[in-house]
Amino acid sequence: MDKGNQSVVSEFVLLGLGRSWNMQTLLFMVFVMIYLMTLSVNIAVIVLILLDPQLHSPMYFLLANLSFVDMWLSSVTTPKMITDFLRENKTISFGGCMCQILFVHFIGAGEMVLLVVMAYDRYVAICKPLHYSTIMSLRRCTGLVVTAWTAGFVHGMSQLVVIVKLPFCGPRQIDSFFCDIPLVTKLACMDSYNLDILINVDCGLVAVTCFVLLLISYTYILLTVHLSSKTGASKALSTCTAHITVVVIFFVPCIFIYVWPLNITWLDKFLAVFYAVFAPLLNPAIYTLRNKEMRNAVKRFRSYYMDFKENT
């Protein structure tokens, strides 16, 4: 890290979401509840999958990993945003800002690749059911999850390497609740046009590639089953709907923030909040509510808990 940069700009100012004290107090209470719910729901999904033997399958192994990723994605930005609602000076150190950029892209890209892995799992389960247990072995699933984390780390580091050496010597206000890379590059003491294109290409390579692969995968799944059985198509559609919903919720904000930016401040903030705060809560909720086996697992756990409570 360039020491000259640090001597000029040692911290940035986050303008946050609200300006009035009443609004910030309201937002503080709302986002504290959302964050606690996000942690609780994702932890509950992980614990349920670990404890219930009937959920010890590749699909739920990947779902547990998705919940783990969602917890960290929310935790990168939300706690800082919540504490800033109670502060007059919403500052973040240069190092803290760089860490947010690294982990937002590390975890975000990792989740994108993980969603592709989950689509591959559904493809094998629906289109090649007889070979499912062989293809989606524990070793294969673990390797695919490690690949997702590795891809996320490489992407995050590629973003950090580009931005950490930029000269920051003037403005230091970021009109958001966290250090988002498109907003940070605007503060650099240089023409950032070419740099913005490079960042968009880098993000687009990950986001658009994963999004296209997901669209192709789920389209192929539904077409394959539809051609073989209309009743099977209905079942496959029911199975894949939760996956497709999560894909849309997660990818659409990312594409409009990093790949095809609209440069509308209020809309960018809304998309950032949706991507970083609401998506990690909605993902496990969607899978749990729409998945029959997860609902049955919740009932079994509740029944076991009630029996245990009565016996004690």
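Thresholds applied
- Residues numbered from 1 in each chain as written.
- Predicted model: local features only at pLDDT ≥ 70, side-chain atom pairs only at ≥ 80, totals over all residues.
- Heavy atoms only, no water.
- pLDDT = per-residue confidence, 0-100.
- Contact = heavy atoms within 4.5 Å.
- Pairing = 2+ DSSP bridges.
- Helix = DSSP H or I, 4+ residues; strand = E, 2+ residues; numbered from the N terminus.
- Axes fitted to C-alpha atoms, helices over the stretch in contact; angles between N-to-C directions.
- 1 Å grid on protein atoms, 1.4 Å probe; cavity = no way out; pocket = protein on both sides within 12 Å on 5 of 7 lines; lining within 4 Å.
- Points joined across faces, edges and corners; volume = space filled by probe spheres on them.
- Nonpolar A, V, L, I, M, F, W, Y, C, P; charged D, E, K, R; others polar.
- Salt bridge = Lys/Arg side-chain N within 4 Å of Asp/Glu carboxyl O.
- Buried < 20%, exposed > 50% of the residue type's maximum accessible area, 1.4 Å probe, protein only.
- Disulfide = S-S within 2.5 Å.
- Patch = residues over 30% accessible without salt bridge, like charges linked within 9 Å, V, L, I, M, F, W, Y side chains within 5 Å.
- Areas by Shrake-Rupley, 256 points an atom, 1.4 Å probe, with all protein chains shown as cover.
- Left-handed = near helix turned anticlockwise from the far one by under 90°.

Student: Outline the confidence of the model for the protein chain, listing residues and values.
Tutor: Looking at the protein chain, pLDDT values average 85 and 91% of them are 70 or higher. Across residues 1–7, where pLDDT falls below 50, the model places 11 contacts with residues more than four positions away in sequence or in other chains.

Student: Lay out the sheet that holds strand β3 (residues 173–174) with the relevant residues and their values.
Tutor: Strands belonging to one sheet form pairs held by backbone hydrogen bonds; the direction of such a pair is parallel or antiparallel. Read from one edge of the open sheet, three strands run β2-β1-β3, paired in mixed fashion. Sheet topology places β2 (91–93) and β3 at the edges, where each strand pairs with a single neighbour. Across three bridges, strand β1 (residues 11–14) lies against β2 in antiparallel orientation. Across the sheet, the residue bridging to F12 is I92, located in β2. Running at roughly 85 degrees to β2, helix α4 (residues 94–127) makes contact with β1, β2 and β3 of the sheet.

Student: Before we move on, could you go through empty space enclosed by the protein and cite the residues and values that matter?
Tutor: The method is simple in principle: a probe with the dimensions of a water molecule rolls over the atoms, and the space it marks as empty is what remains. Under the defined criterion, the tally for this structure stands at three cavities of 30 Å³ or more. Taken as a whole, the largest cavity spans an internal volume of roughly 100 Å³. What lines the largest cavity is a set of 13 residues, and nearest its centre among them are H105, M112, H155, C203 and Y258. The greatest single-element share of the lining of the largest cavity, amounting to five residues, is contributed by α4. Class assignment of the residues belonging to the lining of the largest cavity gives a composition of 10 nonpolar, three polar and no charged.

Student: How would you sum up the pattern of salt bridges? Please name residues and give values.
Tutor: Under the defined criterion, the tally for this structure stands at six salt bridges. The closest approach of N and O atoms between K80 and D84, which form a salt bridge, is 3.2 Å. Linking K80 with D84, this pair stays in helix α3 (residues 58–84), spanning four residues, or about one helical turn. For K80, a relative accessible area of 16% translates into the label buried. Measuring nitrogen to oxygen at the nearest pair gives 2.9 Å for the salt bridge that ties D121 to R122. On the accessibility criterion, D121 (1% relative accessible area) is buried. With a relative accessible area of 8%, R122 lands in the buried category. Through salt bridges with shared partners, a single network forms among K80, D84 and R87.

Student: Outline the state of the cysteines, listing residues and values.
Tutor: Inspection of every chain in the model, using the stated rule, returns two disulfides. Here C97 is linked by a disulfide to C179, with a sulfur-sulfur distance of 2.2 Å. Around the S-S axis, the bridge from C97 to C179 shows a dihedral of about -120 degrees and counts as left-handed. One end of the pair, C97, is in helix α4; the other, C179, is in the loop between β3 and α7 (181–185), with 82 residues separating them in the sequence. Side by side, C97 and C179 carry an identical accessibility label, which is buried. A disulfide bridge connects C169 with C189, and the sulfur atoms are separated by 1.9 Å. Classification of the bridge connecting C169 and C189 rests on its S-S torsion, roughly -140 degrees, and on that basis the disulfide is left-handed. Residue C169 is located in the loop between α6 (138–164) and β3, and its partner C189 is located in the loop between α7 and α8 (193–228); the two are separated by 20 residues in the primary sequence.

Student: Can you explain a nonpolar patch on the surface? Please cite residues and give values.
Tutor: A cluster of nonpolar side chains, namely I43, V47, L50, L51 and F301, defines an oily patch on the protein surface of about 480 Å² accessible area. The dominant element in the nonpolar patch, judged by the number of residues it contributes, is helix α2 (residues 21–51), at four residues. Positionally, F301 belongs in helix α11 (residues 292–311). Overall, the relative accessible area of 41% leaves F301 in the partly exposed class.

Student: Please provide a residue-by-residue account of the packing of α4 against α6, values included.
Tutor: Their axes nearest at 7 Å, the elements α4 and α6 cross at an angle of 145 degrees. In terms of crossing hand, the pair formed by α4 and α6 is right-handed. Considered class by class, the residues forming the contact of α4 with α6 number 20 nonpolar, six polar and one charged.

Student: Break down the environment of K299 for me, citing the residues and quoting the values.
Tutor: You can see K299 is positioned in helix α11. Judged by relative accessible area, K299 falls into the exposed class, the value being 53%. Sequence separation of K299 and L36 is 263 residues, and the distance between their C-alpha atoms is 23 Å.

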